[in-house]
Amino acid sequence: MKQTLSDLMRMNRICRMVFATCLGSFILVIFYFQSMFQPVMRRNPFVVDGCCRKGSRNALQELYNPTQPDLSGAAILHQTRRDQVVDACRVYSASSRKRRVLTPGDLKHLVVDEDHELIYCYVPKVACTNWKRVMMVLTGRGKYSDPMEIPSNEAHVPSNLKTLNQYSIAEINHRLKNYLKFLFVREPFERLVSAYRNKFTLKYNSSFHKRFGTRIVRRYRKNATQDALLNGADVKFKEFAEYLVDPATQRDGPLNEHWQTVYQLCHPCHIHYDMVGKYETLEEDSNYVLRLVGVSESLRFPSYAKSTRTTDAMTAQFFSNISTQQQIQLYQLYKMDFLMFNYSIPSYLRLD
């Protein structure tokens, strides 16, 4: 009798377990079929599941599915810019045998803002100081309110901003998939001349003179004075151009970030950037990002001092002092930046 009672109790437990398992499976099946018949917007690959801290939508959602009517035109513009990058990368990929996989070390230029789910790839000489200031305000949780109150040297202290290479592989992949990724670009040769003017013609940049100037003078200047060899403070643009196109420079390792290509700094053929801002429309594009984030009422991108900018006419003057061969070689070096970001070949360039 006791054995029979024990068997009945065991059978009762088994029945309950089977029932619970069947019920759980039934609920999962219901959820599965419900998800299959959700509205199309749920299946949009650019819409992030879940809720964000800034209401029910984040910047990525607002970019691809704007709720503010006046943002629709900007959304179309930035789709055109994205398409341009994709097309250029596709052509390059078809013509190149080079294949590579990004490593965390390639992501050190991608600044992460966890609170607003943003990733910004900074490009030197494209207003990156002011954008780093803005990112410090966004990530500071009240520590800063005005970007221009942050000293420029403070904006470049690595520990003040977190970059994507500091995360695990899984965390990197999650953020690349779910955060709004943006960068700002500039006409490649204007950016190059801007870098030269800043790093080689200003007395206070003695560290660049010592690190790069002395090497350039030693390699490319005949009968250099002892002072030039020692200090490297008077590098000519022609010498700088010769340094850039010299195969020996390529063998030395990656170019310095101030004259490295955007293609190599931000890897837009490997990372899908949601927004490509341009230096030529800097304030407009920057404030558009801040509107997407939902902070435009309290934060504006700093105005820029136009009087010090390197212009097209200024760039043409510098390029007139280098040979046709150097011009062709420089164009080949920066060609992908021209193609990806829809910059035309400068009229002053001699490519014949």
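On a predicted model such as this, the values are computed, not experimentally measured, just so you know.

A few words now on the sheet that holds strand β2 (residues 118-121). Read across the open sheet, the five strands follow the order β3-β1-β2-β4-β5; overall the sheet is mixed. Both edges of this open sheet fall to β3 (162-163) and β5 (275-278), since each of them pairs with a single strand only. Inspection of the sheet shows strand β1 (residues 110-113) paired to β3 by two bridges, in the antiparallel sense. Across the sheet, Val111 pairs through a bridge with Thr163, a residue of β3. Most of the contacts of helix α13 (residues 282-293) go to β5, to which it runs at about 145°, and overall it touches β2, β4 (180-185) and β5.

With that out of the way, let us pick up the state of the cysteines. By the definition in use, this model includes two disulfides. Across the disulfide from Cys89 sits Cys269; the S-S distance is 2.0 Å. Disulfide Cys89-Cys269: torsion about the S-S bond near -85°, hence left-handed. Taken as a pair, Cys89 in helix α3 (residues 72-95) and Cys269 in the loop between α12 (262-266) and β5 lie far apart in primary sequence, 180 residues in all. Residue Cys89 is classed as buried on the basis of its relative accessible area, which comes to 10%. The side chain of Cys121 participates in a disulfide bridge whose partner is Cys266; the two sulfur atoms lie 2.0 Å from each other. The sign of the -90° torsion about the S-S bond sets the Cys121-Cys266 disulfide as left-handed.

The N-to-C vectors of helix α4 (residues 128-139) and α13 enclose an angle of 15°; their axes lie 13 Å apart at closest approach. As summarised for this structure, α4 and α13 are arranged roughly parallel, according to the angle between their axes. The chirality of how α4 crosses α13 is right-handed. Together, Trp131, Val134 and Leu138 of α4 and Ser286, Val289 and Leu290 of α13 make up the contact between the two elements. Of the residues belonging to the contact of α4 with α13, the class tally is five nonpolar, one polar and no charged.

A few words now on the packing of aromatic side chains. For the structure shown, the criterion picks out 25 aromatic pairs. Judged by centre distance (5.6 Å) and plane angle (55°), the rings of Phe237 and Phe319 are tilted. Within this pair, whereas Phe237 is found in helix α10 (residues 237-245), its partner Phe319 is found in helix α14 (residues 312-319), the two being separated by 82 residues in sequence. Per residue, the accessibility class of Phe237 equals that of Phe319, and both read buried. Its end group placed over the ring of Tyr279, Arg186 keeps NZ or CZ at 4.0 Å from the ring centre. The ring of Tyr279 has Arg309 sitting right over it, with the charged end atom 4.9 Å from the ring centre.

The subject of this paragraph is the side chain of Asn256. Structurally, the position occupied by Asn256 is in the loop between α11 (247-252) and α12. Note on Asn256: relative accessible area 12%, which makes it buried. For Asn256, the residues in contact, after removing those within four places along its chain, are Phe208, Arg211 and Phe212.

Let's shift gears to the pairing of β5. Going residue by residue along β5, you find Met275 and Gly277 tucked away on one face and Val276 and Lys278 tucked away on the opposite face as well. By the bridge criterion, four bridges tie β4 to β5 in an arrangement that is parallel. Counted as the bridge partner of Phe184 is Gly277 from β5.

How each quantity is defined
- Residues numbered from 1 in each chain as written.
- Predicted model: local features only at pLDDT ≥ 70, side-chain atom pairs only at ≥ 80, totals over all residues.
- Heavy atoms only, no water.
- Pairing = 2+ DSSP bridges.
- Helix = DSSP H or I, 4+ residues; strand = E, 2+ residues; numbered from the N terminus.
- Contact = heavy atoms within 4.5 Å.
- Axes fitted to C-alpha atoms, helices over the stretch in contact; angles between N-to-C directions.
- Disulfide = S-S within 2.5 Å.
- Buried < 20%, exposed > 50% of the residue type's maximum accessible area, 1.4 Å probe, protein only.
- Parallel < 35°, antiparallel > 145°, perpendicular 65-115°, else oblique.
- Left-handed = near helix turned anticlockwise from the far one by under 90°.
- Nonpolar A, V, L, I, M, F, W, Y, C, P; charged D, E, K, R; others polar.
- Phe/Tyr/Trp six-rings, centres within 6.5 Å; stacked < 30°, edge-to-face > 60°.
- Lys NZ or Arg CZ within 6 Å of the ring centre and 35° of its normal.

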